[in-house]
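Working through the structure, step by step
Spelled out, the chains give:
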Amino acid sequence: MLQELSIKNFAIIDSLALSFEEGLTVLSGETGAGKSIIIDAIHLLVGGRGSAEYVRHGEKKAEIEGLFILDDAAHPCFEKASSFGIEIEEGMIVLRREISNSGKSVCRVNGKLVTIAIMREIGGALIDIHGQHEHQELMNEHLHLSLLDQFGGKEIHANVISYREIYKEYSTIHKQLTRLNENEQEMAHRLDLITFQLKEIQEADLKLKEDEELLEEKRKLMNFEKLYEALQTSYSSIQGEGKGLDWTGLAMSHLETAADLDTQYQKTLEAVSNAFYVLEDAVHQISGELDQLEFEPDRLDLIETRLNEINGLKRKYGSSVEEILAYGSKIEEEIETILNKDSHISELQNKLQSLEKDLIIEAKNLTQSRKKWAKKLTVSIHEQLKQLYMDKTKFEVRFSGKKEEAFSFSKFKKDGWDQVEFFISTNPGEPLKPLSKVASGGELSRIMLALKTIFSKHQGITSIIFDEVDTGVSGRVAQAIAEKIYQVATHSQVMCISHLPQVAAMADSHLFISKKLTKGRTSTAVKRLEEEEKVKEISRMISGVEITDLTQEHAKELLQLASSIKET
């Protein structure tokens, strides 16, 4: 859910800090008070297109920041953030957007700078903003298949997994076969190229971690003088008359006398004795190292030449010796495959035919499962539309997948061979048309609410925003819409800009948006309404400017009705 929202210098908003709660939050107020501006700010926060016009006049930049809480460890936002190298700790994710008066944008997710595309990708998994005339996820026919799969839950998911396992293997073999069947001339050029590459790698006679060992040896040779001086100084500090070892031996001798006189000094004697023998071993080691040290300028030249050779191979075949050798093994196998092309083609074709049969079986099972759930979805949609007084409306899930007889690899996708689109007819006698072609505002609002009611529990969206989707409705339809919006809010946090008193009465939290004049400048103010204030605001929404005792009674009745509906 969206827990905190901070907006600064955005349009007519000077500075605004809002806290949101779970359930349904309604934003109401006079036209032009700034309700839609708040939604615009949230839209920019999740990757919407921005411009310098959004920056408050006279300010250098607009700032928007939002804190989201993710309660579900399986929320898709975790995977998306991880793929972009963004850490999410304790289920908290902070989005921040700055827009300068020059039009430039700066986007951050949990403090990390990201592109607008990445912010849009993550923001899309957090908030779904639906306005009366916007095409949202449910209106995109390319996403209808995934929505049906979400509705089908574990059953369809299991079938999709079974299909994908075979499809992945089939796809790999098909690509191999395609490469082998390529133009003979291209294949010959490829063989010449990789034969040359393999010869170059083999002649280099590389050893694992050879470059690392050479670099270490080079470092030592380049610092020979410093190394020799350090060892020589260490040796002369320990060995010789009046030096470290000599004084330690003298101390040991005197401590032996002390220990003979008093046993309490025995441990001290042992410590100094150990130090003496350790120093003695160390000085012998240093002496041996000094004897072995020999500066070899020719060896340094050889190392430089070898490293240049290895770096040349790295530029062509991999960033490390290990990657170069792995590439060599790979092209060696490819050479063998090309030289024995005919036998490999025959083997792959047999595998492909066998997998093809399994793939068709799994695709059929997946289609059968989807069609079963499509019928259930149709029943659920009709039920929801009936509750919204659209009982004459017809909804249908249409399949346009590929048939077995017309099989070819290109007709299979990673999610099967089905193409799904939602069709609807809102008037008796009229043909069913694609959902994306529905244009009537009032009908569109109800259709979207029916779909949202069903899909909100499956989509995993943290928050849903309805921006005046109830425009053009009244009476019993308005009450039905209010109940439906509240129903969506039982599965996702919902924020709704509304002019309908019925919707306001169903709110778990009611924010009143108003304009105020400070030092000659207009700015937006937000107030969270208490119970008595809710009655007054709903009364205003019923009657307009003048609030009478009768409208207040009507407002109280609406709140009581809403309370009883929530209980059921």
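Let me sum up the structure you'll find in this document. (Residues numbered from 1 in each chain as written. Predicted model: local features only at pLDDT ≥ 70, side-chain atom pairs only at ≥ 80, totals over all residues. Heavy atoms only, no water.)

Here's the deal with the packing of helix α16 (residues 531-543) against helix α17 (residues 549-567)
The N-to-C vectors of α16 and α17 enclose an angle of 110 degrees; their axes lie 8 Å apart at closest approach. When the interaxial angle is binned, α16 and α17 end up roughly perpendicular. The element α16 and its partner α17 pack so that their crossing is right-handed. Taken together, the residues of α17 that come into contact with α16 (itself represented by Val535, Ile538, Ser539, Ile542 and Ser543) are Thr551, Gln552, His554, Ala555, Lys556, Leu558 and Leu559. (Axes fitted to C-alpha atoms, helices over the stretch in contact; angles between N-to-C directions. Helix = DSSP H or I, 4+ residues; strand = E, 2+ residues; numbered from the N terminus. Parallel < 35°, antiparallel > 145°, perpendicular 65-115°, else oblique. Left-handed = near helix turned anticlockwise from the far one by under 90°. Contact = heavy atoms within 4.5 Å.)

Some details on unusual backbone geometry
Trans peptide bonds make up the majority, and among non-glycine residues the majority have a negative phi. Even without glycine at this site, Glu90 takes up a positive phi of about 55 degrees. Structurally, Glu90 can be placed in the loop between α2 (76-83) and β5 (92-100). Of note in the backbone geometry, Asp205 takes a positive phi value of approximately 50 degrees without being a glycine. By the element assignment, Asp205 lies in the loop between α5 (184-204) and α6 (210-222). Relative accessible area serves as the criterion here: at 48%, Asp205 is assigned to the partly exposed category. (Buried < 20%, exposed > 50% of the residue type's maximum accessible area, 1.4 Å probe, protein only.)

Focus on the packing of aromatic side chains
The relative placement of two aromatic rings is captured by the distance of their centres and the angle of their planes. Applying the stated criterion to the full structure yields six aromatic pairs. Between Phe10 and Tyr54 the ring centres are 5.0 Å apart and the planes differ by 10 degrees, which places this aromatic pair in the stacked class. Taken together, the residues span a long stretch of sequence, with Phe10 in strand β1 (residues 2-10) and Tyr54 in the loop between α1 (35-45) and β4 (61-69) at a distance of 44 residues. Residue class for Phe10 comes out buried when judged on its relative accessible area of 1%. Residues Phe395 and Phe422 carry aromatic rings whose centres are separated by 5.4 Å and whose planes lie at 55 degrees to one another, so their mutual orientation is tilted. Remark: Phe422 occurs in strand β10 (residues 420-425) and Phe395 occurs in strand β9 (residues 394-399); sequence separation between them is 27 residues. Here Phe395 and Phe422 have matching classes, each one buried. One cation-aromatic arrangement involves Lys376 over Trp373; the distance from NZ or CZ to the ring centre is 4.0 Å. The lysine or arginine in question, Arg398, covers the ring of Phe423, its NZ or CZ lying 4.2 Å from the ring centre. (Phe/Tyr/Trp six-rings, centres within 6.5 Å; stacked < 30°, edge-to-face > 60°. Lys NZ or Arg CZ within 6 Å of the ring centre and 35° of its normal.)

So, a negative patch on the surface
Together, Glu294, Glu296, Asp298 and Asp301 give the surface a local cluster of negative charge. Relative to the helices and strands, Glu296 is located in the loop between α9 (266-292) and α10 (297-317). Judged by relative accessible area, Glu296 falls into the partly exposed class, the value being 41%. (Patch = residues over 30% accessible without salt bridge, like charges linked within 9 Å, V, L, I, M, F, W, Y side chains within 5 Å. Areas by Shrake-Rupley, 256 points an atom, 1.4 Å probe, with all protein chains shown as cover. Salt bridge = Lys/Arg side-chain N within 4 Å of Asp/Glu carboxyl O. Lys, Arg positive; Asp, Glu negative; His and termini not counted. Charge placed at Lys NZ, Arg CZ, Asp CG, Glu CD.)

Quick word on the sheet that holds strand β2 (residues 13-19)
Taken in spatial order, the six strands make up an open sheet running β2-β1-β4-β5-β6-β7, and their pairing is antiparallel. Single-partner strands in this sheet number two, and they are β2 and β7 (112-114). Pairs of neighbouring strands in the sheet enclose a mean axial angle of 15 degrees, with direction left out of account. Bridging between β5 and strand β6 (residues 105-109) involves five bridges; their strand directions are antiparallel. The residue of β6 that forms the bridge with Ile99 is Ser105. Against the sheet, helix α3 (residues 116-124) makes contact with β5, β6 and β7, and its axis sits at roughly 140 degrees relative to β5, the strand it touches most. (Pairing = 2+ DSSP bridges.)

Some points on the pairing of β6
Taken together, β5 and the strand that follows it, β6, pair antiparallel across an intervening segment of four residues, in which Gly103 is found at a positive phi of about 100 degrees. As paired elements, β6 and β7 share three bridges and run antiparallel to each other. When the sheet's bridge partners are listed, Cys107 is paired in β7 with Val114. Counted between consecutive antiparallel strands, the loop separating β6 from β7 contains two residues, among which Asn110 sits at a positive phi close to 50 degrees.

Examining the nonpolar core
Core analysis: the largest hydrophobic core is formed by 73 residues, its most contacted members being Leu24, Leu377, Phe422 and Ile485. Apart from residues no more than four positions distant in its own chain, Leu377 is found in contact with Leu148, Phe151, Phe395, Val397, Phe422, Ile454 and Phe455. One finds Ile38, Phe68, Ile99 and Val109 within the second-largest nonpolar core, a separate group that totals 44 residues. (Core = buried A, V, L, I, M, F, W, Y, C linked by side-chain atoms within 4.5 Å.)

What to know about the pairing of strand β14 (residues 509-518)
Both strand β3 (residues 24-29) and β14 contribute to a ladder of five bridges, which runs parallel. If you follow Gly29 over to β14, its bridge partner there is Ile513. Across eight bridges, the pairing between β14 and strand β15 (residues 521-528) is antiparallel. The residue of β15 that forms the bridge with Leu511 is Arg528. Between β14 and β15, which pair antiparallel one after the other, the connecting turn spans two residues, and Lys519 there sits at a positive phi close to 55 degrees.

Observations concerning the state of the cysteines
One pass over the full model with this rule turns up zero disulfides. Here Cys107 stays unpaired: no disulfide links it, and the sulfur of Cys77, its closest cysteine neighbor, is 15 Å away. (Disulfide = S-S within 2.5 Å.)

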